[in-house]
Amino acid sequence: MELITSRKELDDTMSDERSHLVTWFCQILINKENIPNAIDQTLNPDEDTMESIYKVVELAGYCATREPNQRLDIGHAVYILSPLVEQWKPTCNEEEHNYSTFHGKEDTYGTDPHMSLSLTLER
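As a starting point, this report considers the structure included with it. Within each chain, residues carry numbers counting from 1 in the order of the written sequence. With the structure being a predicted model, the display of local features is reserved for residues of pLDDT at least 70 and the display and counting of side-chain atom pairs for 80 or more, all residues being used for whole-chain, interface and lining totals. Side-chain figures throughout are based on the complete set of non-hydrogen atoms in the structure, without hydrogens or water.

1. Describing helix α5 (residues 47-63)
The secondary structure listing takes helices from DSSP runs of H or I that are at least 4 residues long and strands from runs of E that are at least 2 residues long, numbered from the N terminus. A helix is expected to span 1.5 Å for every residue after the first. The end-to-end C-alpha distance of α5, which contains 17 residues, comes to 24 Å, matching closely the 24 Å that a straight helix rising 1.5 Å per residue would cover. Accessible area is worked out with a 1.4 Å probe on protein chains only. A residue is then buried under 20% of its type maximum, exposed over 50%, and partly exposed in between. Taken as a whole, α5 has its buried residues at Met 50, Ser 52, Ile 53, Val 56, Val 57, Leu 59, Ala 60 and Gly 61. Where α5 begins, the capping side chain belongs to Asp 46, and its oxygen is found 3.3 Å from the backbone nitrogen of Asp 48. Any pair of nitrogen or oxygen atoms within 3.5 Å is treated as a polar contact; in protein, a donor-acceptor pairing is required on top of that, and neighbouring residues in sequence qualify only through side-chain atoms on both sides.

Laid out in structure tokens, this is it:
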């Protein structure tokens with residue numbers, strides 16, 4: 001939800017009905033037509049990206065269900081998100097590559113930022 005909306009989980013600068021991201025977001029999910037207005041406009045999504053965003057939004061809704069036993073387990077979430085990671089994999093121009101963040105091929109967490117999620121998980 002935070003990635004899609006660019007909002008904090010709790011924002012004291014907002015009105016009471018909008019200050020808690022999960023509560024506000026679940027209200028947005030009641031009417032699917034509200035979703036485009038809730039996403040961060042800097043994402044500037046095209047039609048294909050909006051399809052992916054709708055999947056992520058639906059998944060986020062299941063993950064935020066009030067009853068813990070009704071929430072998805074992490075394995076199912078990864079299964080749903082894995083194909084989207086391949087689709088959203090960022091491209092990297094050598095001129096823009098930040099070697100202070102990515103030391104050679106591996107970043108500071110020991111993962112290759114150019115490797116797909118499925119291959120990373122296999123490592």
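Next, the rest of the story.
2. Description of a negative patch on the surface
Together, Asp 46, Glu 47, Asp 48 and Glu 51 give the surface a local cluster of negative charge. Relative to the assigned elements, Asp 46 resides in the loop between α4 (35-38) and α5. Like-charged residues are merged into a patch within 9 Å and nonpolar side chains (Val, Leu, Ile, Met, Phe, Trp, Tyr) within 5 Å, provided each residue has over 30% relative accessible area and no salt bridge. All accessible-area figures derive from a Shrake-Rupley calculation using a 1.4 Å probe, and residue coverage is judged against the displayed protein chains alone. Salt bridges, as used here, are contacts in which a Lys or Arg side-chain nitrogen is within 4 Å of a carboxyl oxygen on Asp or Glu. Here the positive residues are Lys and Arg and the negative ones are Asp and Glu; neither His nor the chain ends is included. Just so you know, the charge point we use is NZ for Lys, CZ for Arg, CG for Asp and CD for Glu.

3. Brief notes about the environment of Ile 74
Here Ile 74 is to be found in helix α6 (residues 74-88). By relative accessible area, which is 66% here, Ile 74 ends up exposed. Sequence separation between Ile 74 and Cys 63 is eleven residues, and the spatial gap between their C-alpha atoms is 9.1 Å.

4. Observations regarding the nonpolar core
Residues Ile 4, Trp 24, Ile 39, Ile 53 and Val 57 are the most contacted members of the largest nonpolar core, which totals 14 residues. For this core, the elements supplying multiple residues, two or more each, are α3 (21-29), α4 and α5. Here, residues are in contact when the closest pair of their heavy atoms is within 4.5 Å. With sequence-adjacent residues up to four places away left out, Val 57 is seen in contact with Ile 4, Phe 25, Leu 29 and Ile 35. As used here, the term nonpolar core means buried Ala, Val, Leu, Ile, Met, Phe, Trp, Tyr and Cys residues forming a set that is joined through side-chain atoms within 4.5 Å.

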